[in-house]
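# Report on the structure
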Amino acid sequence: MTDVGRHPKITLYTMSEVVDVKGYVGSFDVSILKKARYVNEKECTACGECSKACPVVRPDEFNLGLSSRKAIYSPFPQAVPSAYTINISECLGHNPVVCGKCVEACDKKCIDFHMSDQEIVERVGTIVVATGLEAYDPTELDEYGYTRFENVLTSLEFERLINAGGPTGGGLLRPTDRKTPRSIGFIQCVGSRSSSRGASYCSNICCMNTIKSTLVLKEHFPDIDIKVFYLDIRAFGKGFEDLYMRSRRLGVHYIRGLPGTVEEDGNRNLKVSVENTASGKLEIYNLDMLVLALGIKPAQSTRRLQEILGLQLTPDGFFLEAHPKLQPVDAATRGIFYAGCAEGPKDIKESVTQASAASARAIRIMYKGHISSEPITSEIIVEKCKSCGRCAEVCPYKAITVDVKKKNPAVVNTAACAGCGTCAAECPFDAIEMNHFTTNQIMEQVDTLLEERPGEKILAFACNWCSYAGADYAGVSRLQYPPNVRIIRTMCSGRVDEDFIWEGFRKGAPVVLVSGCHIGDCHYINANHWTEKRVEKIRKKMTKLGLRPERLQLAWISAAEGVRFAKVMKELEELRTGVTPEEIGHTISILQDREKGKTP
Ligand code: FES
């Protein structure tokens, strides 16, 4: 961090918050709110005289309330820049009548109460999102007694307690009597791997963090009795299994099972009841101290940043990468990358690896000095555009601007356009053309595929990234599915225009399928949400026209779901056999009448 602070080509904004981001790859305008420090960071030498003079005492957040700090303080020992800051909501004020003691104590005269928050706009080419994580709050788990018993600590509090720079200078002291405990228990998976409390995912770091803590304890206090209560130990990194075995060899007792209750006796010792699932017995342990190995969750700012940057989140609330295998550090929006726990729980080594990959990906775009865009982008047919603004509303990348008031035609920023085609499908005036997936091209495909014996065919639209790949997977896996399926590939299911579906039915298709990535997995942020809405709208219209809406199917099939693809096709074939030639003929005549304006 110190190197970052000194690097001539890195501008470090501390105490700052991103409030808005506009633009696209190569030209993002980032608005930053820099909070006032009330101390001149260039002049401050962090001598600490101001802090000594300050009469306000508050719990120190860095030490999780295990120690105190003043209203003027350094957030933590290695903070960059090495300068003090004033928490203005806690400060008594600089008027000498009220306080102003820090101003008097500072020889360098670096305290400036006239500082105010600043809004700064930076233009950048790429963005790396590295917003970190938050620890699970264990207060809801009453059975572990975190809120009732002082000798029950979280893994973070324990970390601070045994840290040489921590509140006890590294001394292991029990909070209640300040004596070194003779026995300590660790409870794993607190807030992780539970569908009812905390998160259902594994937090990745807790097992190794506990193993590390047991090794540190055994090194300093060889006679200490350590119990670890666990579901299973996940020591899957390089050298991790060795550490686990070393911990066991040093006498750490690993008990398979999570405690059901924790009680406290008159001496403030803890009684832990656990069902040992290895022996099948109920066991009770008396311990001096208990540590809850906390799970991790996304940082609080994640959702706000997701809205500002127009990114996608996983159901767990972490940022979603563009592709889990091929683009693991890229966001779906070009020019934005992820590093560290913003994308999912990971340890230091993985975070550093990902950060290196993210910066290399960013440099790859920027070093050229120009951006080459994909040819699959949308184009406005200016003569047809009525400036309604629908395209701008549905574009997941905010790549289209329309001046609705001035009635100027829409403008596509091709550098920001990713080519999903949702705008073209949603435009009510057919005023947008999707290069390489034009309306004519797709209509021609529909007509050609249904030219002969259309009543025997199933017409399927499949998105390039998931469903089409799922069909491919079914093929290479030699899975059997009806041979009468005719697939039309689009980049995203969002491109499937209402007209394509009507054309399919008009040409005699008994069944039409629209398929794409699962909701939340669309490669164009949330374009398939519009697909879902559109299909629903068409089904309603079908009902109104007296057509069976189930003849239009929507299925989410991922690239790995070859089996599901084959299953869906078999189901569609069953559906197809239920559509009679009379029904098809009736549909065709209704749709032809509709075309001529005879029906709504
Ligand atoms: Fe598959 Fe959007 S990319 S549905």
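The structure this text deals with has already been given above.
Scope of this entry: the structure provided in the associated data block. These figures come from a predicted structure and were not determined experimentally.

## Observations concerning the environment of Ile336
- Note on placement: Ile336 falls in strand S19 (residues 336-338).
- Owing to a relative accessible area of 1%, Ile336 belongs among the buried residues under this scheme.
- Those residues in contact with Ile336, other than ones at most four positions away along the chain, are Phe28, Ile127, Val129, Leu309, Leu311, Val329, Asp330 and Ala331.

## Overview of unusual backbone geometry
- Along the chain, Val80 connects to Pro81 via a cis peptide bond; the corresponding omega equals -5°.
- The residue Pro81 is located in the loop between strand S5 (72-73) and strand S6 (85-86) in this model.
- A positive phi angle is found at Tyr38, which is not glycine, with a value near 65°.
- Along the chain, Tyr38 turns up in the loop between strand S2 (27-34) and helix H2 (49-53).
- What makes Tyr38 buried here is its relative accessible area of 12%.

## Regarding the side chain of Thr85
- With respect to the helices, strands and loops of the structure, Thr85 is situated in strand S6.
- Under the relative-accessibility criterion, Thr85 is labelled buried at 4%.

## Thoughts on the packing of helix H13 (residues 498-506) against helix H14 (residues 527-545)
- Across the interface, H13 lies against H14 with an axial gap of 11 Å and an inter-helix angle of 40°. One element, H13, and the other, H14, form an angle in the oblique class. Handedness of the H13/H14 crossing: right-handed. Note on element contacts: H14 touches H13 through Arg534, Lys537, Ile538, Lys541, Met542 and Leu545, opposite Glu498, Ile501, Trp502 and Phe505.
- Its residues assigned to classes, the contact of H13 with H14 comprises six nonpolar, no polar and four charged.

## Some details on the packing of H13 against helix H16 (residues 581-595)
- Between H13 and H16, the least distance of the axes is 8 Å, while the angle of their chain directions is 130°. With respect to their mutual orientation, H13 and H16 come out oblique. Counted together, Glu498, Trp502, Phe505 and Arg506 of H13 and Thr587, Ile588, Leu591, Gln592, Arg594 and Glu595 of H16 form the full contact between these two elements.
- Taken together, the residues that form the contact of H13 with H16 break down as four nonpolar, two polar and four charged.

The rules behind the values
Residues numbered from 1 in each chain as written. Predicted model: local features only at pLDDT ≥ 70, side-chain atom pairs only at ≥ 80, totals over all residues. Heavy atoms only, no water. Helix = DSSP H or I, 4+ residues; strand = E, 2+ residues; numbered from the N terminus. Buried < 20%, exposed > 50% of the residue type's maximum accessible area, 1.4 Å probe, protein only. Contact = heavy atoms within 4.5 Å. Axes fitted to C-alpha atoms, helices over the stretch in contact; angles between N-to-C directions. Parallel < 35°, antiparallel > 145°, perpendicular 65-115°, else oblique. Left-handed = near helix turned anticlockwise from the far one by under 90°. Nonpolar A, V, L, I, M, F, W, Y, C, P; charged D, E, K, R; others polar.

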